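# Residue-level structure breakdown
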Amino acid sequence: MVLHNQYPWDRSKTELRPASEIGDDDIVIAFHPRTREVSAFLDRVRAGRVPAQRTASPVVPKAPVRPFPPVKVREAFTVQPKLEALAIVRGELVCDNSDVVRNTSFSWSPMSAAEISAKTGIDQRRYTRHDIGELALEAAKAAIAHSGRSTDEIGAVLVATCTSDRLIPSLSTWLSGELGLLQTHCSADIVAACAGLPYGLAEAVRQLQEVERPVLLVCVEKFSDKIGSVRTSRMIFGDGAAAIVVAPAAEGSAGDVDILQTYAGGPPEQVNSIIWPNPEFDNDITVYGPEVKALVARYLAQMIGELGELPGDTSDTLLEEIDLIVPHQANKTMILQLADKAGLSADQLYFDIETMGNVSAASIPIALFDAVRDKVITAPMRVFAPGFGAGAVGGYAVMTVDPSIVAPEVVLGGVGERPAGSPDAADLPPIPGTTSDDVHVAFGV
């Protein structure tokens with residue numbers, strides 16, 4: 001909402017045009033349809049209500065009475081996990097940094113496309129017009145097909161996401177129905193944000209012990225309709241999905257997962273460093289950078305310390321036997337700085353954040369897929385995959401990734417890279433509630 005006395009343009013030069021006649025450098029004002037959410041926002045503005053502030057005394061976090069050791073999967077579980085398939089779906093729309101700059105609020109502090117790249121390591125991110133459920137479903141079907149399994153073999157369905165707008169039925173139970181599963185032992189959503197892969201794998205391995213049949217793990221996020229115009233979130237987030245089939249390994253086999261670890265907690269400022277929905281920002285997602293950096297530094301140091309204390313098979317420590325590090329793709333610049341402080345070199349880490357952005361729970365599995373695509377993983381390789389983020393969650397997996405598990409990439413709607421010569425921001429998702437015939441209002445298109 002732009003208040004009348006803040007409108008910065010000469011109204012006498014305002015005109016209505018069909019969307020097809022909007023030029024690349026024209027400024028477009030998009031007036032959102034009067035939906036329930038918009039009406040509620042206008043009511044809040046008119047009422048002048050101030051969101052309730054925290055009044056409780058600050059809580060001093062206490063360390064656990066004893067540390068939570070990493071789970072040594074081969075020692076802790078009878079049924080060993082085998083990674084049978086990995087399939088991904090990217091958002092079909094490419095949004096580069098110049099698009100982000102064009103589509104920000106007029107009150108956004110100046111920041112160039114080059115500055116976004118330097119600050120985050122991101123040049124492009126992927127958005128989608130499709131529903132988050134469709135992303136999950138297509139990735140799931142591709143993973144099951146590549147595994148050679150039939151759907152009636154699936155014993156449990158787990159969905160790691162922090163952006164689902166589906167509560168009842170949950171995304172996992174909805175997905176089970178869409179896949180034609182009459183019954184599973186468990187279908188459950190896991191809200192672990194950027195640690196979705198280690199949390200999801202940990203639960204998948206536990207489910208294997210009970211069902212002794214394949215578990216489907218889907219990591220999926222859709223941020224493009226939740227980022228608003230807040231700079232820190234609009235710069236980094238994207239859309240995508242990945243699905244993994246985790247099955248019982250053959251009897252006597254070592255399986256593919258060595259170590260699993262998960263964490264949560266910390267000072268309230270870190271726990272609340274990423275908020276969605278945030279009523280103070282019209283329920284869009286917000287990111288408070290310094291606190292996020294602090295929680296990532298805390299967890300990364302803890303993870304490296306734990307791996308440095310675990311014995312390796314042929315080396316003094318497990319850390320020495322890691323072939324590749326595929327971290328959560330949060331912010332490349334930040335992670336490289338923190339990794340250097342933790343004693344890791346840049347050539348040990350793989351990133352695809354330059355073209356994918358931050359896809360939270362889906363970022364690690366999509367990056368694993370891309371590491372195979374880029375021929376970084378060309379044979380079975382031991383990978384350390386750390387995740388950390390919203391809610392002050394963290395976790396990691398040490399696992400063997402065989403490139404043969406990667407399924408052909410799913411392209412939704414037959415749309416791939418942005419067509420050459422198309423307008424910079426023409427591919428951005430439409431504002432919810434509008435149609436292709438509406439004139440969209442945004443601060444800069």
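In case you missed it, the structure is sitting above this.
The following paragraphs examine the structure supplied in this document. (Residues numbered from 1 in each chain as written. Predicted model: local features only at pLDDT ≥ 70, side-chain atom pairs only at ≥ 80, totals over all residues. Heavy atoms only, no water.)

### Notes on the packing of helix α10 (residues 289-309) against helix α11 (residues 332-341)
Between two packed helices, both the angle of their axes relative to each other and the distance between the axes serve to describe the pair. In contact at an axis separation of 10 Å, α10 and α11 are set at 40 degrees when each is read in the N-to-C sense. When the axes of α10 and α11 are compared, the pair comes out oblique. Crossing handedness for the pair α10 and α11: right-handed. Across from Lys 293, Val 296, Ala 297 and Leu 300 in α10, the residues of α11 making contact are Met 334, Gln 337, Leu 338 and Ala 339. Of the residues belonging to the contact of α10 with α11, the class tally is six nonpolar, one polar and one charged. (Axes fitted to C-alpha atoms, helices over the stretch in contact; angles between N-to-C directions. Helix = DSSP H or I, 4+ residues; strand = E, 2+ residues; numbered from the N terminus. Parallel < 35°, antiparallel > 145°, perpendicular 65-115°, else oblique. Left-handed = near helix turned anticlockwise from the far one by under 90°. Contact = heavy atoms within 4.5 Å. Nonpolar A, V, L, I, M, F, W, Y, C, P; charged D, E, K, R; others polar.)

### What to know about the pairing of strand β10 (residues 274-278)
As paired elements, β10 and strand β11 (residues 284-287) share three bridges and run antiparallel to each other. Note on β11: the bridge partner recorded for Ile 274 is Val 287. Counting the residues between successive antiparallel strands, the hairpin from β10 to β11 contains five residues, one of them, Asp 282, with a positive phi of roughly 55 degrees. (Pairing = 2+ DSSP bridges.)

### Quick notes on the pairing of strand β14 (residues 393-401)
Of all the nine residues making up β14, eight are buried; the element is thus mostly covered by neighbouring parts of the structure. The sheet contact formed by strand β9 (residues 257-264) and β14 spans seven bridges and is antiparallel. Its bridge partner being in β14, Tyr 263 is matched across the sheet by Gly 394. The loop that links strand β13 (residues 381-389) with its antiparallel partner β14 comprises three residues; one of these, Gly 391, has a positive phi angle of about 85 degrees. (Buried < 20%, exposed > 50% of the residue type's maximum accessible area, 1.4 Å probe, protein only.)

### With respect to the side chain of Thr 161
Following the sequence through the fold, Thr 161 ends up in the loop between β5 (156-160) and α6 (171-178). On the accessibility criterion, Thr 161 (4% relative accessible area) is buried. Here Val 220 takes part through its backbone oxygen, which lies 2.7 Å from a polar atom of the side chain of Thr 161. Leave out the neighbours within four places in its chain, and Thr 161 touches Ile 132, Leu 171, Ile 190, Val 191, Val 220 and Glu 221. (Polar contact = N/O pair within 3.5 Å; in protein donor to acceptor, adjacent residues only side chain to side chain.)

Keep in mind that these numbers describe shape and distance, not what the molecule does.
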